[in-house]
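# Residue-level structural notes
Spelled out, the chains give:
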Amino acid sequence: MQIDMLATLTFALITTFTPGPNTISSQAMGLNYGYRRSLPYFFGIATGFFSIMLLSAVLAAALTQLIPSVVTYLTIAGSLYILYLAYHVFTSSYSFSQTVVKPLGYSNGLLLQLLNPKVIILGLTVYSTFLRDMARTPFNLAASALCFTLMSFSALSTWALFGIGISRLLRTEHTRKVVNAALALLLVYTAVRMVWSLFSA
């Protein structure tokens, strides 16, 4: 089975760019302290994100080699999680916090990732389903983890620089409903593609 890059990128983009601990805290940091003073915090997030993605890749590779049948169960579990995420996105009203008492640093960003279930589930889902047929060479694992990390860093920067405009846009009920519906449909599409690829392989 070939890697479905469209489904992979759709899932990764929606997961990293939609409001969550990383993006909301980045918005608050950018608003209160500016982009440059927020960079140490962002680099901490990036380091933690990269580490978790790399560990997820190694763990997924080990599981698929030791227990090949686990791929089916992980794919089904991953698709169910994506459907849950789609429901959450569709019904979300979002809550934006814009107050940070003091600038958050590198260690704060790093710790946030180690305690962020959204990132852990993202890593396990991507590497056990979307990228399960990728050649498990050290270069491929590191390069893919780096690509997802750069995507995440782009999301942090976007929210830090334009977060106030994004939050105002998403507070408008009509716009929020349209955006939520579009993102939710993309996630449903991704889940369907996952299951389809599993049974059509």
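Residues numbered from 1 in each chain as written. Predicted model: local features only at pLDDT ≥ 70, side-chain atom pairs only at ≥ 80, totals over all residues. Heavy atoms only, no water.

## So, helix H5 (residues 117-130)
Defined as follows: Secondary structure elements follow DSSP: runs of H or I no shorter than four residues count as helices, runs of E no shorter than two count as strands, and numbering proceeds from the N terminus. What a helix should span is 1.5 Å times the count of its residues minus one. Here's how the labels work: a residue is buried when its accessible area is under 20% of the maximum for its type, exposed when over 50%, partly exposed in between, all with a 1.4 Å probe on protein chains only.
The terminal C-alpha atoms of H5, which comprises 14 residues, lie 19 Å apart, in line with the 20 Å expected from a rise of 1.5 Å per residue. Burial in H5 covers these residues: Lys118, Val119, Leu122, Gly123, Thr125, Val126, Tyr127, Ser128, Thr129 and Phe130.

## Quick word on the packing of aromatic side chains
How we decide: Here a Phe, Tyr or Trp ring, Trp counted by its six-membered ring, pairs with any other such ring whose centre lies within 6.5 Å, and the pair is stacked when the planes are under 30 degrees apart, edge-to-face when over 60, and tilted otherwise.
Here the structure, examined in full by the defined rule, presents 7 aromatic pairs. Ring geometry for Tyr41 and Phe42: centres 6.2 Å apart, planes at 50°, overall tilted. The pair Tyr41 / Phe42 is uniform in exposure class, with both members buried. Ring centres 6.5 Å apart and planes at 35° place the aromatic pair Tyr81 and Tyr84 in the tilted group. Here Tyr84 and Tyr81 lie together in helix H3 (residues 70-91), a separation of 3 residues that amounts to about one turn. Among the aromatic residues, ring-to-ring pairing joins Tyr35, Tyr41, Phe42, Phe43 and Phe153 into one connected group.

## Comments concerning the pattern of salt bridges
The line we're drawing: Any Lys or Arg side-chain nitrogen located within 4 Å of an Asp or Glu carboxyl oxygen qualifies as a salt bridge.
Using the criterion set out here, one finds 1 salt bridge in the structure. Note that Lys177 and Glu173 form a salt bridge whose closest N and O atoms lie 3.1 Å from each other. In this pair, Lys177 and Glu173 both sit in helix H7 (residues 173-200), 4 residues apart, roughly one turn of the helix.

## Topic: a nonpolar patch on the surface
Formally: For patch detection, residues must exceed 30% relative accessible area and be free of salt bridges, and they are connected within 9 Å for like charges or within 5 Å for nonpolar side chains (Val, Leu, Ile, Met, Phe, Trp, Tyr). Per-residue and other accessible areas were derived by the Shrake-Rupley procedure at a 1.4 Å probe size, with only the shown protein chains allowed to occlude residues.
A surface patch of nonpolar side chains, amounting to about 390 Å² of accessible area, comprises Ile76, Leu80, Leu83, Val188 and Val192. Within the residue set of the nonpolar patch, elements represented by two or more residues are H3 and H7. By residue number, the principal contributor to the nonpolar patch is H3, which donates 3 residues.

## Details of the side chain of Thr23
Put simply, the rule is: Polar contacts here mean pairs of N or O atoms no more than 3.5 Å apart (in protein, one a potential hydrogen donor and the other a potential acceptor; neighbouring residues in sequence count only if both atoms are side-chain atoms). The contact rule is simple, with two residues in contact once any of their heavy atoms fall within 4.5 Å.
Among the secondary structure elements, Thr23 is positioned in helix H2 (residues 21-66). Reaching out from Thr23, the side chain makes a polar contact with the backbone oxygen of Thr18 at a distance of 3.3 Å. Discounting chain neighbours no more than four positions away, the residues touching Thr23 are Thr16, Phe17, Thr18, Ala155, Leu156 and Trp159.

## Structural notes on the nonpolar core
As a rule of thumb, soluble globular proteins bury nonpolar side chains together. What counts here: Here, nonpolar core means buried Ala, Val, Leu, Ile, Met, Phe, Trp, Tyr and Cys residues that are tied together by side-chain atoms lying within 4.5 Å of each other.
Core analysis: the largest hydrophobic core is formed by 29 residues, its most contacted members being Phe11, Ile82, Val126, Tyr127, Phe130, Phe148 and Leu187. Of all the secondary structure elements, the ones that give two or more residues to this core are helix H1 (5-17), H2, H3, H5, helix H6 (138-171) and H7. Setting aside chain neighbours within four positions, we find Val126 in contact with Phe11, Leu131 and Phe148. With 9 residues, the next largest nonpolar core counts Met29, Phe42, Leu156 and Ala160 among its residues.

## So, the environment of Ala160
Note that Ala160 resides in helix H6. Its relative accessible area of 11% is what places Ala160 among the buried residues. Put simply, Ala160 and Ser38 are 122 residues apart on the chain and 8.3 Å apart in space, counted from C-alpha to C-alpha. Residues in contact with Ala160, not counting those within four places in the same chain, are Ser26, Gln27, Gly30, Tyr35 and Phe42.

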